[in-house]
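Below are the chains, spelled out letter by letter.
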Amino acid sequence: MPQLPAPAYPADVRARLDADAKEVIARYPGSRSALLPLLHLVQSEEGYVSRTGMAFCAETLDLTTAEVTAVATFYSMYRRKPSGDYQVGVCTNTLCAVMGGDAIFDTLKEHLGVGNNETTDDGKVTLEHIECNAACDFAPVVMVNWEFFDNQTPESATRLVDDLIAGRTVEPTRGAPLCSYKETARILAGFPDERPGAVEATGGAGPASLVGLKLAKGEALSKTRVVAPRDGQPKDGQPKDGQREDAPSHDAQPHDAQVHDPSPTERLSSHDAPQQTSASDPEFPAGPAAEEGE
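What counts as what
Residues numbered from 1 in each chain as written. Predicted model: local features only at pLDDT ≥ 70, side-chain atom pairs only at ≥ 80, totals over all residues. Heavy atoms only, no water. Buried < 20%, exposed > 50% of the residue type's maximum accessible area, 1.4 Å probe, protein only. Helix = DSSP H or I, 4+ residues; strand = E, 2+ residues; numbered from the N terminus. Pairing = 2+ DSSP bridges. Core = buried A, V, L, I, M, F, W, Y, C linked by side-chain atoms within 4.5 Å. Contact = heavy atoms within 4.5 Å. Arc of directions from axis to C-beta. Salt bridge = Lys/Arg side-chain N within 4 Å of Asp/Glu carboxyl O. Axes fitted to C-alpha atoms, helices over the stretch in contact; angles between N-to-C directions. Parallel < 35°, antiparallel > 145°, perpendicular 65-115°, else oblique. Left-handed = near helix turned anticlockwise from the far one by under 90°. Nonpolar A, V, L, I, M, F, W, Y, C, P; charged D, E, K, R; others polar. Polar contact = N/O pair within 3.5 Å; in protein donor to acceptor, adjacent residues only side chain to side chain. Phe/Tyr/Trp six-rings, centres within 6.5 Å; stacked < 30°, edge-to-face > 60°. Lys NZ or Arg CZ within 6 Å of the ring centre and 35° of its normal.

A.B. asks: Mind showing me how you'd approach the pairing of strand β1 (residues 86–91) here?
C.D. replies: Consecutive residues of a regular strand have side chains that alternate between opposite faces of the sheet. Taking burial as the measure, the six residues of β1 include five buried ones, the bulk of the element. One ladder, built from six bridges, connects β1 with strand β3 (residues 125–130); its direction is parallel. When the bridges of β3 are listed, V88 appears paired with L127. In the sheet, β1 pairs with strand β4 (residues 142–144) via three bridges, with the strands oriented antiparallel. Bridging from a neighbouring strand, V88 pairs with V144 of β4.

As structure tokens, this is what we get:
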């Protein structure tokens with residue numbers, strides 16, 4: 001049976017959303033380019049993209065509801081049903097999975113009594129598995145409303161969701177202080193986070209990621225190697241190939257990785273050594289860049 005038309009927003013809500021939408025649309029040369037942030041905007045109103053929200057986007061941008069629905073159903077960050085105050089995403093992609101992500105996800109499903117993309121009865125927590133949180137150097141990683149909780153274990157993740165449900169203050173490992181899912185959606189719509197200190201608290205990449213960047217740029221680091229050369233044995237007191245002597249435990253923050261500066265004939269790994277350029281591309285010899293962007 002065909003669905004009835006989506007109910008309209010109350011007059012005061014519609015007036016507020018119209019003003020916000022006008023501000024968003026003004027950022028783009030074509031109005032339809034504003035669809036993604038407008039979907040976040042309506043999600044900030046109800047906690048998900050409802051039929052009413054999609055009708056609002058379609059009317060505001062002169063699109064069909066089919067065009068809006070196609071976008072809203074394509075991106076996983078848009079929820080199609082009511083969600084909890086806290087969206088708890090457990091990375092179950094390869095590295096996080098083998099480091100304990102699968103165990104964390106199974107533990108939380110049992111502890112909360114919900115399945116994937118389901119919400120607890122009190123409306124506090126929605127649990128989902130995420131394919132990648134782009135923080136492999138802190139695996140396994142859990143995100144709450146897109147803020148990082150690194151180096152998790154089943155026990156620490158259980159304490160985390162219990163604290164969220166109980167209303168206790170929870171601090172992300174890095175990045176801005178935690179806010180509600182609706183508040184997060186408004187920030188993703190492009191409106192400033194006006195909480196004191198929130199912008200300044202924004203975190204960056206982890207130490208292991210920065211070490212890889214420095215190696216790629218050919219920068220000298222410190223005195224202790226990360227891995228032994230692939231064509232030789234590790235020196236006395238150094239870790240074997242593939243091992244990190246500063247590798248973090250699951251419940252501790254990693255220390256800055258220590259890497260020794262290799263000579264031209266001694267490389268940390270065959271992957272880091274400059275390779276001969278392809279014969280088909282003689283004008284771009286391989287090797288570390290001198291400056292970022294060059």
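A.B. asks: Looking at this structure, how should I read the nonpolar core?
C.D. replies: In a soluble, globular protein the nonpolar side chains are often hidden away together inside. Core analysis: the biggest nonpolar cluster contains 24 residues, and L38, L39, C57 and V68 have the highest contact counts within it. Looking at this core, the elements with two or more residues in it are α1 (11–25), α2 (35–46), α3 (51–61) and α4 (65–72). Sequence-distant contacts of V68, defined by excluding residues within four places in its chain, comprise L35, L39, M54, C57, A58 and L63. With 18 residues, the next largest nonpolar core counts I104, V114, V144 and L178 among its residues.

A.B. asks: Would you take a moment to explain helix α7 (residues 181–188) for this structure?
C.D. replies: In an α-helix, one turn spans 3.6 residues, which is why side chains three or four residues apart end up on the same side. Listed as buried for α7 are Y181, T184 and A185. Down the axis of α7, the sector holding all buried residues measures 100°, keeping them to one side. Next to the buried residues of α7 lie α2 and β1. Looking one or two residues past α7, G190 carries a phi angle of roughly 105°, positive in sign.

A.B. asks: Could you clarify how one ought to interpret the pattern of salt bridges in this entry?
C.D. replies: If charged atoms from side chains of opposite charge come close, those side chains can pair. Within this structure, the stated rule accounts for nine salt bridges. Here R14 and E59 are joined by a salt bridge, their closest N and O atoms 3.2 Å apart. Residue R14 is located in helix α1, and its partner E59 is located in helix α3; the two are separated by 45 residues in the primary sequence. By relative accessible area, which is 25% here, R14 ends up partly exposed. Across the pair R79 and E128 runs a salt bridge whose closest N-O atoms are separated by 3.0 Å. Note that R79 is positioned in the loop between α4 and β1 and E128 in strand β3, a separation of 49 residues in sequence. Taken as a pair, R79 and E128 share a single burial class, namely buried. Connected through shared salt-bridge partners, R14, D18 and E59 make up one network.

A.B. asks: When you look at the packing of α3 against α4 in this model, what are you seeing that I'm missing?
C.D. replies: Helix-helix packing is characterised by the crossing angle of the two axes and by the distance between the axes. The geometry of α3 relative to α4 is characterised by a closest axis approach of 9 Å and an angle of 120° between their N-to-C directions. With respect to α4, the axis of α3 lies oblique. Relative to α4, the crossing made by α3 is right-handed. Across the interface between the two elements, M54, A55, C57 and A58 from α3 touch T65, V68, T69 and A72 from α4. Classifying every residue of the contact of α3 with α4 gives six nonpolar, two polar and no charged.

A.B. asks: So what exactly am I meant to see when it comes to the packing of α2 against α4 here?
C.D. replies: Viewed as axis vectors pointing N to C, α2 and α4 meet at an angle of 80°, and their least axial separation amounts to 11 Å. By the angle between their axes, α2 is roughly perpendicular relative to α4. Residue-level inspection shows L35, L36 and L39 of α2 in contact with α4, the latter providing V68, V71 and A72. Of the residues contributing to the contact of α2 with α4, the split by class is six nonpolar, no polar and no charged.

A.B. asks: Help me understand the side chain of T126 in this model?
C.D. replies: As for its position among the elements, T126 is in strand β3. Since its relative accessible area comes to 2%, T126 is described here as buried. At a separation of 2.6 Å, a polar atom in the side chain of T126 contacts the main-chain amide nitrogen of G84. Apart from residues lying up to four places away in sequence, T126 is in contact with S83, G84, Y86, Q87, V88, N117, E118 and T119.

A.B. asks: Honestly, the packing of aromatic side chains in this entry has me stumped. Any pointers?
C.D. replies: For any pair of aromatic rings, the description consists of the separation of the ring centres together with the inter-plane angle of the planes. All told, the structure shown has three aromatic pairs when counted by the stated rule. Ring centres of Y9 and F56 lie 6.1 Å apart, and the angle between their planes is 75°; this geometry places the pair in the edge-to-face category. With Y9 in the segment before α1 and F56 in helix α3, the pair connects residues that are 47 residues apart, well separated along the chain. Like Y9, the residue F56 is buried in the burial classification. Geometry around F191 places R27 over its ring, the cationic atom sitting 5.4 Å from the centre.

In short, the description is geometric, and any link to function would need to be established separately.
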